[in-house]
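Residue-level listing of the chains:
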Amino acid sequence: MTAIRLDGVSKVFEGEHLAVDELSLDVADGEFMVLLGPSGCGKTTLLRMIAGLERVTAGEVWFGRTNGTRLPPKDRQVAMVFQTGALYPNRTVRENIMFPLQIAGQDDHDASSTAAGLAQILSIGSVLDRMPRTLSGGQRQRVAIGRALVRRPNVFLLDEPLSNLDATMRTELRQEIGAMTRDLNVTTLYVTHDQVEALTLADRIAVMRDGRIEDVGTPAQVYNDPATAFVAGFLGAPRINLLSATVRVTAHHRVALDFGAQSIGLDPSDRRSLILRHHDGVQVIVGARSNAFRVITNEDVANQLTGTLRAFEFHGQQSIAFVECGIEAVNPDQVGQPRPMHAVSPQDMMAPASLLTRVLSRIRSGR
Ligand code: ATP
């Protein structure tokens, strides 16, 4: 087992393209860390630098107490699985899995029985003597994982290993990967742009954007208390509502959020109300997930937003109403780097569920 420390790591590709930008991250011994981010934000490049497949332009990669920045891949005790695990086409499943052990000098009998044991754990025990071309996509990925883990690496890197599988297979293999890495207690870095995979698998999630890490925390932390508007917008479906507002402080330090067309008052005992009462006139972004709203019909209830129902979608367990309230929405992709405003940290502005749980929305649907 090994902790990983990335210290100011950068990667500049030819043509001066900065793919990873002075990134620092600590992954604890045995931790399952998910790197989550949109396409092109540098996730794969970062993984390849840890594996030694890509040279680091600046900064250092540490494995425990060893500076591994310049170590060749074979000396890193790192195993990696890609989107489509490449197998040896002319070797059976058993031969594919046992091959790394044979290379390391283990005798065939021991290597074969180790491969068979691992295949059982990965639910491919029944296809041990088949050739890769006869396997399903999910089975092939299992073989690739088996081959990567057979030498008990210190660090396990997975680059979107489920992206080519169908939904059922994804869920199944996702659960198995989670269980297996925990059993083996191997330090794991898992790249994905699928937020469900990130939220369900991770001990901690690092959200990347433009070669940098924008937020790191447990799934609950990054979901409930995202560091930036971008992170808030990236996690959660349906997407969080980000609304532009001006803080208005009225008599007796009552705080209202003025959305232009409409406004709502905050509960005076709300933590955010206590902070915002010193910031009259300040522009803020209010984050509110859809489950923070209630549909009401009672005209007398205070703090309601009024809108027009634009669409209504049935999703099985839930239904989603899209309501036009005449309030300017903020596009999280357009919001720049986090910028604390007047000692109000972005976290304080972005705890969406608690911020607006007391806000009731009223849909004027005409019904
Ligand atoms: P995806 O989710 O689409 O796989 P990613 O987050 O893994 O994306 P990377 O593959 O790491 O992103 O790429 C980061 C940036 O670096 C991209 O702009 C990409 O075009 C660029 N890049 C990656 N590899 C190279 C290369 N060998 N030469 C030049 N640019 C590269």
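Rules behind the numbers
- Residues numbered from 1 in each chain as written.
- Predicted model: local features only at pLDDT ≥ 70, side-chain atom pairs only at ≥ 80, totals over all residues.
- Helix = DSSP H or I, 4+ residues; strand = E, 2+ residues; numbered from the N terminus.
- Buried ≥ 20, exposed ≤ 12 C-beta atoms within 10 Å, placed from the backbone.
- Contact = placed C-beta atoms within 7 Å.
- Pairing = 2+ DSSP bridges.
- Expected span 1.5 Å × (residues − 1).
- Arc of directions from axis to C-beta.
- Axes fitted to C-alpha atoms, helices over the stretch in contact; angles between N-to-C directions.
- UniProt positions renumbered as here; feature names shortened; annotations may be inferred.
- Near = placed C-beta within 6 Å.

An unreviewed UniProt entry annotates the protein as ABC transporter ATP-binding protein originating from Kribbella jiaozuonensis.

Draft legend 1. Spotlight on the environment of Pro-100. Structurally, Pro-100 is set in helix α2 (residues 93–103). With 19 C-beta atoms counted inside 10 Å, the residue Pro-100 sits in the partly exposed group. For the pair Pro-100 and Arg-151, spaced 51 residues apart in the sequence, the C-alpha separation amounts to 6.9 Å. Contacts of Pro-100, omitting those with residues within four sequence positions, involve Arg-147, Val-150 and Arg-151.

Draft legend 2. Focus on the pairing of strand β12 (residues 255–258). What you see with β12 is a clean split: Val-255 and Leu-257 sit on the buried side and Ala-256 and Asp-258 on the side with no burial. Pairing of strand β11 (residues 241–249) with β12 involves four bridges; the strand directions are antiparallel. If you follow Thr-246 over to β12, its bridge partner there is Asp-258. What sits between β11 and β12 in their antiparallel hairpin is a turn of five residues, with His-252 showing a positive phi close to 60 degrees. Summarising the sheet, β12 and strand β13 (residues 263–265) pair through three bridges and their orientation is antiparallel. Paired with Leu-257 across the strands is Ile-264, a residue of β13. In this structure, the hairpin formed by β12 and β13 is closed by a connection of four residues, where Gly-260 is found at a positive phi of approximately 90 degrees.

Draft legend 3. Representation of helix α3 (residues 108–121) within the structure. With 14 residues, α3 should reach 20 Å at 1.5 Å per residue; the first-to-last C-alpha distance of 20 Å fits that figure. Buried within α3 we find Ala-111, Ala-115, Leu-118 and Ala-119. For α3, the arc enclosing every buried residue in end-on projection is 105 degrees, short of the 170-degree limit, so these residues lie on one face. Those residues of α3 that are exposed and angled more than 90 degrees off the buried face are His-109, Asp-110, Ser-113 and Gln-120. Check the buried side of α3 and you find it contacts α2 and α4 (137–149). One or two positions beyond α3, positive phi appears at Ser-123, with a value near 60 degrees.

Draft legend 4. Representation of the sheet that holds strand β10 (residues 212–217). One open sheet holds the six strands; their spatial order is β6-β7-β8-β3-β9-β10, and the pairing between them is mixed. Two strands in the sheet have a free side with no partner beyond their single neighbour: β6 (78–81) and β10. Between one strand axis and the next, the sheet turns through 20 degrees on average, direction left out of account. Taken together, the four bridges between strand β3 (residues 32–36) and strand β9 (residues 204–209) define a ladder with parallel strand orientation. In the strand pairing of β9, Met-33 is matched with Arg-204. Against the sheet, α4 makes contact with β6 and β7 (155–159), and its axis sits at roughly 175 degrees relative to β6, the strand it touches most.

Draft legend 5. Examining the UniProt feature "domain: ABC transporter" (unreviewed entry) in the protein more closely. Sequence positions flagged by UniProt for "domain: ABC transporter" (unreviewed entry) are, in local numbering, residues 4–235. Split by type, residues 4–235 is 36% helix and 26% strand. Its first and last C-alpha atoms lie 25 Å apart.

Draft legend 6. Main features of the site of the ligand. Taken together, Phe-13, His-17, Ala-19, Gly-37, Ser-39, Gly-40, Cys-41, Gly-42, Lys-43, Thr-44, Thr-45 and His-193 make up the full set of residues adjacent to the ligand. Elements that contribute at least two residues to the shell around the ligand include exactly β2 (17–27) and α1 (43–51). Per-element accounting of the shell around the ligand gives the leading share, three residues, to α1.

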